[in-house]
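# Structural features, examined
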Amino acid sequence: MYKSSPKRLSWWKIAAPAAAISALAALHAADPIMHDVPVRTPGRARVVLGGDVHFQWQIQQNLKEKSAAAAVAGVRDVFASADLRIINLETAVSSGVSPEPGRSHAFNAPPEALKALEELGIQAVVLANNHSMDLGAEGLAQTQKHLTAQKIRFAGAGKDTA
C-alpha cells in the first residue's frame, strides 16, 4: 500500500490515471499492432501498468546473483493476469556509454536486464520520463535498439513524424 501525506496521495490519484491514459494513447498512435492484442474475455481487456521500473540496487543484485525470474518473482502473478502489460522504463539500457555531464546519478542497465521484462511478458514501455536521457542521445538510441531486439514496443522518446 502506498503511504504518503493526503496532499501527495491526492496528486497520485490524479497523476497515475493521466499517465496511464497518455501512455496508452502514445503506444496506440505509435504502433497499430497494439490494436490487435489478444484478450482472454471478448470485449474486455485487462491492462497492467507498472511505473518507475529500473534495474538498480537489489534488483540488479538479484539479476546478477540469481536470475531474471527471481528478480521479478514478487510481481509475476500480477502481470500474468493481464492481456496488455506496459511499464514506465526509468533507465537507459546500454553498454559502453557514459552519463551526461552534470548528472548527479544516472540509471543504466545492461541489455541482459531486459530478460526480466521478458519474464513478465512486457509488451511495451514508456520512455517519457526523467531518466531516458541519463546517458544522452546515444544511451537512448541503444535503449531503443535493445528494446526492438527483444520485440518490446516503446513510445515517449526519440524521433517522431513531425
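The sections below set out a description of the structure shown in this document.

Conventions used here
- Residues numbered from 1 in each chain as written.
- Predicted model: local features only at pLDDT ≥ 70, side-chain atom pairs only at ≥ 80, totals over all residues.
- Heavy atoms only, no water.
- Helix = DSSP H or I, 4+ residues; strand = E, 2+ residues; numbered from the N terminus.
- Buried < 20%, exposed > 50% of the residue type's maximum accessible area, 1.4 Å probe, protein only.
- Areas by Shrake-Rupley, 256 points an atom, 1.4 Å probe, with all protein chains shown as cover.
- Pairing = 2+ DSSP bridges.
- Contact = heavy atoms within 4.5 Å.

## With respect to the overall build of the protein
Secondary structure assignment for the protein yields 6 helices and 6 strands. In sequence order, the protein lays out its α and β elements as α-β-α-α-α-β-β-β-α-β-α-β. Relative to its full complement of 162 residues, the protein shows a buried share of 37%. Approximately 10,000 Å² of the protein is accessible, and the part contributed by carbon and sulfur atoms is 57%.

## Focus on the pairing of strand S2 (residues 84-89)
For S2, the tally of buried residues reaches 6 of 6 residues, placing the bulk of the element in the interior. Of the two faces of S2, the one holding Leu84, Ile86 and Asn88 and the one holding Arg85, Ile87 and Leu89 are both buried throughout. Here strand S1 (residues 47-53) runs beside S2; their pairing, made up of 5 bridges, is parallel. Residue pairing across strands places Leu49 opposite Ile86, the latter belonging to S2.

## Section: the environment of Pro111
Its place among the elements puts Pro111 in the loop between strand S4 (108-109) and helix H5 (114-120). On the basis of relative accessible area, Pro111 is assigned to the buried category, the value being 19%. Measuring from C-alpha to C-alpha, the distance between Pro111 and Thr143 comes to 8.2 Å, with 32 residues separating the pair along the chain. Excluding residues within four positions of it along the chain, Pro111 makes contact with Val93, Ser94 and His146.

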